[in-house]
Amino acid sequence: MNPWKNAQQMLKQVGEKANINSDLINILLTHDRKIEVDLPLTLDDGSTKTFKAYRLQHNNWRGPYKGGLRYHPQVSEDEVKALSLWMTIKNAVIDVPFGGGKGGISVDPKTLSKPELERLTRSFTRELVEFIGPDKDVPAPDVNTTGEIMGWIADEFGDNAVVTGKTLEDGGSQGRTEATGYGGVYALLGVLESMGIKPAGLTAAVQGFGNVGTYAADLMVKSGIKVVALSDSKNTIYSIDGFTDIMALVEAKAKTGSLAKAVKELNIKCEVKDVNYVLGTKVDILAPAALEMAITKENSNSINAKIILELANGPMTPEADKILTDRGITIIPDVLANSGGVAVSYYEWYQNRHKETWTKEQALKKLEGQMKASVSDVLAISKKLKLTLREAAYVLALNRLAEAQPKK
Ligand code: NAD
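A brief report on the enclosed structure follows. (Residues numbered from 1 in each chain as written. Predicted model: local features only at pLDDT ≥ 70, side-chain atom pairs only at ≥ 80, totals over all residues. Heavy atoms only, no water.)

## A closer look at the sheet that holds strand S11 (residues 305-309)
Then comes step 1: Spatially, S9-S8-S7-S6-S10-S11-S12 is the arrangement adopted by the 7 strands of the open sheet, whose pairing is mixed. In the strand order of this sheet, the two ends are held by strand S9 (271-274) and strand S12 (330-332), each with one partner. On average, each strand axis in the sheet is inclined to that of its neighbour by 20°, with strand direction left out of account.
Then comes step 2: Both strand S7 (residues 226-231) and strand S8 (residues 235-238) contribute to a ladder of 3 bridges, which runs antiparallel. (Pairing = 2+ DSSP bridges. Helix = DSSP H or I, 4+ residues; strand = E, 2+ residues; numbered from the N terminus. Axes fitted to C-alpha atoms, helices over the stretch in contact; angles between N-to-C directions.)

## Regarding the site of the ligand
Then comes step 1: Around the ligand lies a shell of 20 residues, among which Thr180, Asn211, Val212, Asp232 and Asn313 are the nearest.
Then comes step 2: Between Val212 and the ligand, the recorded distance is 2.9 Å, taken from a backbone N or O atom to an oxygen atom.
Then comes step 3: In this structure, Asp232 approaches the ligand through a main-chain N or O atom, which is 3.3 Å from a nitrogen atom.
Then comes step 4: Across the complex, the protein chains shield 78% of the 830 Å² of accessible surface that the ligand would expose by itself.
Then comes step 5: At the level of secondary structure, the elements contributing two or more residues to the shell around the ligand comprise helix H6 (176-194) and helix H7 (211-222).
Then comes step 6: Here the shell around the ligand is composed, by residue class, of 7 nonpolar, 9 polar and 4 charged. (Near = heavy atom within 4 Å. Polar contact = N/O pair within 3.5 Å; in protein donor to acceptor, adjacent residues only side chain to side chain. Areas by Shrake-Rupley, 256 points an atom, 1.4 Å probe, with all protein chains shown as cover. Nonpolar A, V, L, I, M, F, W, Y, C, P; charged D, E, K, R; others polar.)

## Observations concerning the packing of aromatic side chains
Then comes step 1: As enumerated under the stated definition, the model contains 10 aromatic pairs in all.
Then comes step 2: Ring centres of Tyr182 and Tyr186 lie 6.4 Å apart, and the angle between their planes is 80°; this geometry places the pair in the edge-to-face category. In this pair, Tyr182 and Tyr186 are both assigned in helix H6, 4 residues apart and thus about one turn of the helix distant. For the residue pair Tyr182 and Tyr186, the accessibility class agrees, reading buried in each case.
Then comes step 3: A centroid spacing of 5.3 Å and a plane angle of 40° characterise the contact between Tyr347 and Trp358, whose relative ring orientation is tilted. Separated by 11 residues along the polypeptide, Tyr347 in helix H13 (residues 340-354) and Trp358 in the loop between H13 and helix H14 (360-385) bring together distant segments of the chain.
Then comes step 4: A residue is classified by how much of its surface remains accessible, and Tyr347, at 1% relative accessible area, is buried.
Then comes step 5: By relative accessible area, Trp358 is classed as buried at 12%.
Then comes step 6: Taken together, the ring pairs in this structure connect Phe98, Tyr346, Tyr347, Trp349, Tyr350 and Trp358 into an aromatic cluster.
Then comes step 7: The positively charged end of Lys66 is found above the aromatic ring belonging to Phe98, 5.8 Å away from the centroid. (Phe/Tyr/Trp six-rings, centres within 6.5 Å; stacked < 30°, edge-to-face > 60°. Buried < 20%, exposed > 50% of the residue type's maximum accessible area, 1.4 Å probe, protein only. Lys NZ or Arg CZ within 6 Å of the ring centre and 35° of its normal.)

Now the structure itself:
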């Protein structure tokens, strides 16, 4: 399973099915620039270790390259290639004036001390200095990168609009923490409305209890949806009555280290199951919010949901997508469902450049409007051309990219 192969396959399939100009598809199957560097780091004990780092700039027709930086041992050229293409598509779907980029360092940040992590980040920034900037390429946090790390990049570069996802003290935006999870639920509510379904009383299962999964579960509960299953990397917790206070679980998990221990600490009656139980739970809505390729050909038949809200990037393989679509399951695709994060990143970039500070209410209200507008654009294309929501989201993005393509 290679994410770049999956990303290429998806783009080609949609291009053929929706009769998109093949020259456009072929351009989008390439990247504008690949930056690959070896970063030598002097460790605290005086020894040296070298790490591979990448920044892939996919496309900038609609604006500066934009996308996260991931610190993870699995970071590879192919992973970053897929993620940067998805950013181009996503930014066009949510209609922010950005292109697509992505980067990362192949490192397990948990093995480094904080000063080592800061030196590594600053050294990567120096390698990128001529390629990034508020009008060129604007990185952001992704897996294992934080607001504090973005602050080091901004400081090394010398302009805080060069990155988004910063802490509030460093010029971050209110609402960025909630943005991806909440944005996903705004998209879900838009789709439910179009189906004439009220959220109250529906049931949901959320895989992944990190930033995205927790805020999505929180807003689901606040919207009247019963969240019956939640999982982290160790277990699934299941309660037929639903979990009601998600933020209390977040606090208890931070204190105890796992969801299984958190429910004990809070005296919540529920069943503790194995980690993958969440995927097969009988629910109305399943939201994968952990890592890529959680749903594959092998486990897709065990899925027992009517709607899948793809909060993670690339949480299912193209084969699984086909099997689930054929079974009549509605899939709200990642390029739409998790675009709330980059929408609020755009608000941050805008506020930094215009010396404005918005309230959380302002940012989230705007996000809700923007998510619902994109949902309605995607639904209209899906209905008109008889396409799945994923295909329709790609068509929307490809049309917007074609409009922005420089005329030679
Ligand atoms: P995170 O690191 O905060 O959380 C990920 C969670 O998934 C962790 O709780 C981890 O324990 C859990 N997990 C890992 N493997 C698991 C497994 N096998 N089963 C169940 N849980 C497992 O990351 P995040 O920021 O919440 O991102 C989650 C996903 O959403 C990623 O795919 C990321 O690329 C995507 N995403 C994030 C944002 C954002 O703004 N944070 C924006 C768009 C997309």
